[in-house]
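An overview of the molecular structure
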Amino acid sequence: MRLATWNVNSLNVRLPQMLDWLTANPVDALVLQETKLTDDKFPVAEIEAAGYHVHWFGQKTYNGVALLSRQPALDVVKNIPGFADEQARVIAATVDGVRCIGAYFPNGQAPDSEKFAYKMAWLQGLQHWLAQELKAHAKLVLMGDFNIAPTDADVYDPVAWAGQIHCTPQERAHFQALLDLGLVDAFRLFEQAPKSWSWWDYRNLAFRKNQGLRIDHILVSHALKDAVQACSIDKLPRKNERPSDHAPVIVELT
DNA sequence: ATGACTCCCAGTGGGAGA
């Protein structure tokens, strides 16, 4: 079973690329972030024609998530139960017996901003809900754009980024708290090339210079840890003519 | 360099992203 996450930065713009990517990478489930589409504009027909079931949850201009799956997705949940939120950031469902949670974590903008306070509250809400989800679903995968670089090894210039958004101790503590609930970073289960990133700024020729961050993650529950066969970042779509600034991350489970 | 790009909604610029 292969699962993937991709922040597409507008599904309206990226739909053809996403369909091409699915043809080349026929994963069993794919979660999307930053679809930036209201629900009435979601391209359900095109996705179903590609052979996927799909659930979606969006809003105008910002955020928006979706879950595509070969097999029907059961017990679909949108956003975090118990955390009132006007922003469409989470979609969860059970696919082939695995609880799949796709999430677009808040950016946070800057550590002294109101958006950072929202990010902290959101992370607290996620953590609380996830503890319950893990009790109900031993086999669970949390994946998406976390907007957190968990360690300095996930940052191209840790000195310049020290204390900056994505790298603050508070964000990293929240990431660790998710692991402490009983999750493991699938990417770090394997030896990986140094300077492996999932996001590169559109500016400054950042991709060409490989100046990026690893902020898109796939965390698996302990019950799935031994089933993880591989985890990788697919940089290829970032080389497209009009790429998303994020690359997909893929995990393979037995 | 408090930039650089891309997307969106707007409306001939500005906010947000990360």
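I will try to describe carefully the structure that is included in this document. (Residues numbered from 1 in each chain as written. Chains lettered and ligands numbered in written order. Predicted model: local features only at pLDDT ≥ 70, side-chain atom pairs only at ≥ 80, totals over all residues.)

Observations concerning the pairing of strand β14 (residues 249–253)
- Burial analysis of β14 places 4 of its 5 residues in the buried class, the great majority of the element.
- Where strand β1 (residues 2–7) meets β14, 4 bridges bridge the pair, whose relative direction is antiparallel. Bridge pairing in β14 places Leu-3 opposite Val-251.
- Note: strand β13 (residues 228–233) against β14, 5 bridges, orientation antiparallel. Looking across to β14, one finds that Ile-233 is bridged to Val-249. (Buried ≥ 20, exposed ≤ 12 C-beta atoms within 10 Å, placed from the backbone. Helix = DSSP H or I, 4+ residues; strand = E, 2+ residues; numbered from the N terminus. Pairing = 2+ DSSP bridges.)

Quick notes on the pairing of strand β12 (residues 216–221)
- Summarising burial for β12: 6 of the 6 residues are buried, a large majority.
- Side chains Asp-216, Ile-218 and Val-220 project from β12 onto one buried face, and the interleaved His-217, Leu-219 and Ser-221 project onto a second face that is buried too.
- Pairing of strand β8 (residues 140–145) with β12, which is carried by 5 bridges, proceeds in the antiparallel orientation. Each bridged residue has a counterpart across the sheet, and for Gly-144 the counterpart in β12 is His-217.
- Across 3 bridges, strand β9 (residues 183–185) lies against β12 in antiparallel orientation. For Val-184, the partnering residue across the bridge sits in β12 and is Val-220.

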